[in-house]
Amino acid sequence: MPYLRVALDIPLARLFDYMAETAELDMVGKRVVVPFGNRRLVGLVLEVDELPADPSLKIKPAEGVLDDLPALSAAVLDLLRFCADYYQYPLGQVVHTALPGRFREVGYFRVPPACAYQACDPDALMASLKPQARTQRRVAGLLAQPRSEAELRALAPSAWKLAQAWLAQDKLRSVPLAAVTLQVAAGPALNPEQAAAVAAIAAGQGFACHLLRGITGSGKTEVYLHAIAAILRAGRQALVLVPEINLTPQLEARFRHRFPGTAIVSLHSGVADGERAAGWVRAARGEAAIVLGTRLAVFTPLPRLGLVVVDEEHDASFKQQDGLRYSARDIAVYRARLAGVPIVLGSATPSLESWQNAVAGRYRRLDLVQRAVSGAQPPSMRLLPTRRQPLQDGLHAATLAAIGERLARGEQSLVFLNRRGYAPVIHCSECGWMAACTRCSARLTVHLRERRLRCHHCGWEQHFPPACPGCGNADIKPVGQGTQRLEATLASLFPEARVQRIDRDSMRRKGSFEAALKAIHAGEIDILIGTQMLAKGHDFPALTLVAVVGADGGLYSADFRASERLYAQLAQVAGRAGRADKPGEVLIQTDFPEHPLYQALLADDYAAFAATELAERKLAGFPPFLHQAVLRAEADTLAEAIAFLNRAVALAPESSEVTVWDPVAASMMRLASRERAQLLVQSAGRSRLGAFLAAWMPRLRSERNAKVRWSLDVDPLEL
DNA sequence: AGCACGCCGACT
DNA sequence: GTCGGCGTGCTC
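Please read these numbers as outputs of a predicted model, since none were measured by experiment.

A.B. asks: Could you give an account of the domain arrangement of chain A, naming the residues involved and the relevant values?
C.D. replies: Interface size is often expressed as the accessible area that is lost when the parts come together. Here the domain parsing of chain A yields domain 1 (3-104), domain 2 (115-179), domain 3 (192-368), domain 4 (380-608) and domain 5 (627-714). On a C-alpha basis, the centres of domain 3 and domain 4 stand 32 Å from each other. Carbon and sulfur atoms supply 51% of the area buried between domain 3 and domain 4, which totals about 1,400 Å² over both sides. Among the salt bridges present, the one from K536 reaches D315, with a minimum N-O distance of 3.0 Å. Linking domain 3 with domain 4 are six residue pairs in polar contact (both at pLDDT 80 or more). The element best represented in the side of domain 3 that touches domain 4 is helix α12 (residues 352-359), accounting for three residues.

Structure below.
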């Protein structure tokens, strides 16, 4: 009678043994329903053995192995084991974060085989439609070729319903996807740089990591599409990761257009549970040729994986910030290595980790330094010194003049300020009081329209006080600039302009972001005010001016990654200006116009910036020259959190090659009424650090600490 | 994580 | 007399 070693979604770093009722040996990678305490749980069989791991335990029989899904392959299981090991996170929980939520439910999950639909007789179908039925005719026209359900759905809301009706009337037939021959629609011709990049990616045998450094507008996506076309032709699958769900729809549309009839699965948190599970199954069965998704898609089983693409690889959203704190970019590289396939990391401003890997020769650099659309000019960039300058509500006279010019020419302007709310703080001029959150160590942000003060960290809200609670002074003023204040200022300075603010507050309602993008494209907006929401990946052909306000904060921050993020953000937002035939202009208001970061940005010299930054990091002993992990603790009092961390230091294994720093209060010490502290561990060797953590974590886990919640963050992005 | 067991305070 | 507070311990 075989014993099953089962991974359960339980925060314990071990597997659980069950007796199998049958003697089948191909149960590894399958779901199993097991009794657990007085509950029934769904687990995943990771191993099958003739002997129990611990004979002293009483072992219950498993209820049954579910045979509805393709078993997880050894390749994916290896990837999950690596994650558990590398991030020191319980394997059972790794398994369950990697699987779609549906699979944790007891019950069978059925996914019909993916197929495409095609008109039996395209001409007859078209002839049967009235000339004025334009949508119907468009759908019919499309169905001359095999089309997937997703493609039809993307065409028009009614298209899929229509296709189903025709299918019922036998006007359409379904074609198994395997029988659909790959079609690749024509795209723009590649310039020599792009062609060289595609050739380099295709040329390699087995694993290779390519760092595709492409300036904005250089056509990175076109390189991905060509590289993907090549591996699809070879019958392989592609995995494409993007940082945000906001970016998936437009990329998905471009992919569908290029590969008509091909099953493209979109996986991100915006996709409904059932659909996500179905997409996962289609990828696992090998029916889907392309998986396009956010970080969670990195675990999707792909039996014929041929290429991995990570777009905007520098983006921090690839790192999960809770639970299993994995970096999807790093996991993607590891996965490509395991699978022996090439991976492309694309960015205009690569992470310094990746850049250093290229410098050291571990990654191959592919550069795109020309704009793909011939004739398109890079934006002209200018710094506006703001020191000792009279500003109008934070705006330089030249900024206002430039906006005025755009208005006169009927072009769009974007004012970029990465701070939402009306003002970051409210201040009493008499006693110096500032409104602070009672639950966090943070200032309360003024939201003037709602007449409320809000904590952007914990969500606490209160009324705008009529007078200073400290001294009773009625003259309390919002200090500093937020997007709401900029919006008010610009609306009053340019009363004829149509002003739209785009930030998390104004775009809270579902679909409002899409609606705003549409309005911008339709030319219904003159002045845009936005946070980083607007900086990423969106094309606005009529936008010719980008003005950056309040960027200096990233120059002299305590966070050693702040300047890297600032450079990336500015390069990205600058890229929004003048993408079509109209030249763009970028104005950056700053108190430090001589700062090397701005100088490199103006010269569009990322290599120079990276070299300076890496030299500083090497000198100061920061990543990527060292590897870090942070142990964070949170408790009702700071003393409890620190005491736990001190205990952790005492439990730390002896290691001359790992440095364990003293516990310190977290930079946001209080958050939602909990006090937080942390402790940094670092080592020059990645495997040394890994071995240290592997020895340390079991000791910490065996500590009984009801009051302290703690977590480990390997390769933290923020300290 | 759940869920039970367990021992001390205010209620129909 | 019980309902229920959350501390402690266990789950193959």
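A.B. asks: Provide a residue-level description of helix α15 (residues 512-521), including the pertinent values.
C.D. replies: For α15, the set of buried residues is S512, F513, A516, L517, A519 and I520. All buried residues of α15 fall inside an arc of 160 degrees around its axis, so they share one side. The secondary structure elements touched by the buried residues of α15 are β17 (412-416), β23 (499-502) and β24 (527-530). Looking one or two residues beyond α15, the residue adopting positive phi is G523, at roughly 75 degrees.

A.B. asks: Please set out the side chain of K220 residue by residue, giving values where relevant.
C.D. replies: By the secondary structure assignment, K220 is in helix α8 (residues 220-233). No salt bridge is formed by the buried K220, whose closest oppositely charged neighbour, E312, lies at an N-O distance of 4.7 Å. In contact with K220, not counting residues within four places along its chain, are L212, G214, I215, D311, G346, S347, A348 and L368.

A.B. asks: Run through the protein's contact with DNA strand B, naming residues and quoting values.
C.D. replies: What surrounds DNA strand B is the set I10, P11, N38 and R39. Sugar and phosphate atoms represent 65% of those atoms of DNA strand B found within 4 Å of the protein. A distance of 3.0 Å separates a phosphate oxygen of DNA strand B from a polar atom in the side chain of N38. Counted by class, the surface near DNA strand B contains two nonpolar, one polar and one charged residues.

A.B. asks: So what's going on with the pattern of salt bridges? Which residues, and what values?
C.D. replies: One pass over the full model with this rule turns up 53 salt bridges. For E411, the salt bridge goes to R409, with nearest N and O atoms at 3.3 Å. D713 is the salt-bridge partner of R632, the closest N and O atoms lying 2.5 Å from each other. With R632 in strand β27 (residues 627-635) and D713 in strand β31 (residues 709-714), this pair connects stretches of sequence that are 81 residues apart. By relative accessible area, R632 is classed as buried at 17%. By sharing partners, the salt bridges in this structure join R420, E450, R452, R454, E461, D505 and R508 into a single network.

A.B. asks: Please provide a residue-by-residue account of the protein's contact with DNA strand C, values included.
C.D. replies: By nearness alone, 13 residues border DNA strand C, and R14, D17, F36, L57 and K60 come closest of all. Sugar plus phosphate: this is where 45% of the atoms of DNA strand C within 4 Å of the protein reside. In the model, a phosphate oxygen of DNA strand C is placed 3.3 Å from a nitrogen or oxygen of the Y18 side chain. Secondary structure elements with two or more residues in the surface near DNA strand C: β2 (16-19) and β3 (31-36). The biggest single contributor to the surface near DNA strand C is β2, with three residues. For the surface near DNA strand C, the class distribution of residues is seven nonpolar, one polar and five charged.

A.B. asks: Which residues make up the nonpolar core, and what values do they have?
C.D. replies: Counting 123 residues, the largest nonpolar core has F299, L631 and W696 as the members making the most contacts within it. Broken down by element, the residue count for this core peaks at seven residues, all from helix α1 (residues 74-86). In terms of nonpolar packing, the next biggest core, distinct from the first, is built from 28 residues, L212, I228, I290 and L292 among them.

A.B. asks: Quick rundown of the state of the cysteines? Include the residues and the values.
C.D. replies: Enumeration over the complete set of coordinates arrives at zero disulfides. Among the cysteines around C115, which has no disulfide bond, C120 carries the closest sulfur, lying 13 Å off. No disulfide involves C455; its nearest neighbouring cysteine sulfur is the one of C437, lying 3.8 Å away.

A.B. asks: Pulling in residues and values, what's your account of empty space enclosed by the protein?
C.D. replies: Inspection of the entire model under this criterion finds one cavity of 30 Å³ or more. Considering only enclosed or pocket space, the largest cavity measures out at about 50 Å³ in volume. Residue lining of the largest cavity: G29, K30, R31, L44, L66, L69, P70, A71, L72, L99 and W280, and that is the complete set. Among the residues making up the lining of the largest cavity, the classes are represented as eight nonpolar, one polar and two charged.

A.B. asks: Can you lay out helix α19 (residues 638-651) for me, pointing to particular residues and giving the numbers?
C.D. replies: For α19, which comprises 14 residues, the first-to-last C-alpha distance of 20 Å matches the rise-based estimate of 20 Å (1.5 Å per residue) to within 8%. For α19, the complete set of buried residues consists of A641, F644, L645, A648 and L651. Along the axis of α19, the buried residues cluster in a sector spanning 115 degrees; they form a single face. Projecting away from the buried face of α19 at angles above 90 degrees are the exposed residues A639 and A650. Considering only its buried residues, α19 is in contact with β27, β30 (674-683), α20 (686-701) and β31.

A.B. asks: Please give an account of the sheet that holds β2 that cites residues and values.
C.D. replies: On the basis of which strands lie adjacent, the open sheet formed by five strands has the order β2-β1-β4-β3-β5 and antiparallel pairing. The strands lining the two open edges of the sheet, one partner per strand, are β2 and β5 (64-66). For this sheet, the mean angle separating the axes of adjacent strands, direction not counted, is 50 degrees. By the bridge criterion, six bridges tie β3 to strand β4 (residues 39-49) in an arrangement that is antiparallel. Looking at the pairing, F36 lines up with R39 of β4. The strands touched by helix α2 (residues 91-98) within the sheet are β1 (3-7) and β4, with β4 carrying the most contacts at an inclination of about 105 degrees.

A.B. asks: Hey, could you go over the environment of D505 for me, with residue numbers and the actual values?
C.D. replies: Position of D505 relative to the elements: it lies in the loop between β23 and α15. Look at D505 and you get buried, because its relative accessible area is 13%. Once the C-alpha coordinates of D505 and R647 are considered, the two residues, 142 residues apart in sequence, prove to be 42 Å apart. Each residue touching D505, except ones within four places of it in the same chain, is listed here: R420, G421, H447, R454 and Q484. Polar side-chain contacts of D505 include one of 2.9 Å to the side chain of R420.

What counts as what
- Residues numbered from 1 in each chain as written.
- Chains lettered and ligands numbered in written order.
- Predicted model: local features only at pLDDT ≥ 70, side-chain atom pairs only at ≥ 80, totals over all residues.
- Heavy atoms only, no water.
- Domains from an automatic or database assignment.
- Buried area = accessible area lost by both parts, 1.4 Å probe.
- Salt bridge = Lys/Arg side-chain N within 4 Å of Asp/Glu carboxyl O.
- Polar contact = N/O pair within 3.5 Å; in protein donor to acceptor, adjacent residues only side chain to side chain.
- Helix = DSSP H or I, 4+ residues; strand = E, 2+ residues; numbered from the N terminus.
- Buried < 20%, exposed > 50% of the residue type's maximum accessible area, 1.4 Å probe, protein only.
- Arc of directions from axis to C-beta.
- Contact = heavy atoms within 4.5 Å.
- Lys, Arg positive; Asp, Glu negative; His and termini not counted.
- Near = heavy atom within 4 Å.
- Nonpolar A, V, L, I, M, F, W, Y, C, P; charged D, E, K, R; others polar.
- Core = buried A, V, L, I, M, F, W, Y, C linked by side-chain atoms within 4.5 Å.
- Disulfide = S-S within 2.5 Å.
- 1 Å grid on protein atoms, 1.4 Å probe; cavity = no way out; pocket = protein on both sides within 12 Å on 5 of 7 lines; lining within 4 Å.
- Points joined across faces, edges and corners; volume = space filled by probe spheres on them.
- Expected span 1.5 Å × (residues − 1).
- Pairing = 2+ DSSP bridges.
- Axes fitted to C-alpha atoms, helices over the stretch in contact; angles between N-to-C directions.

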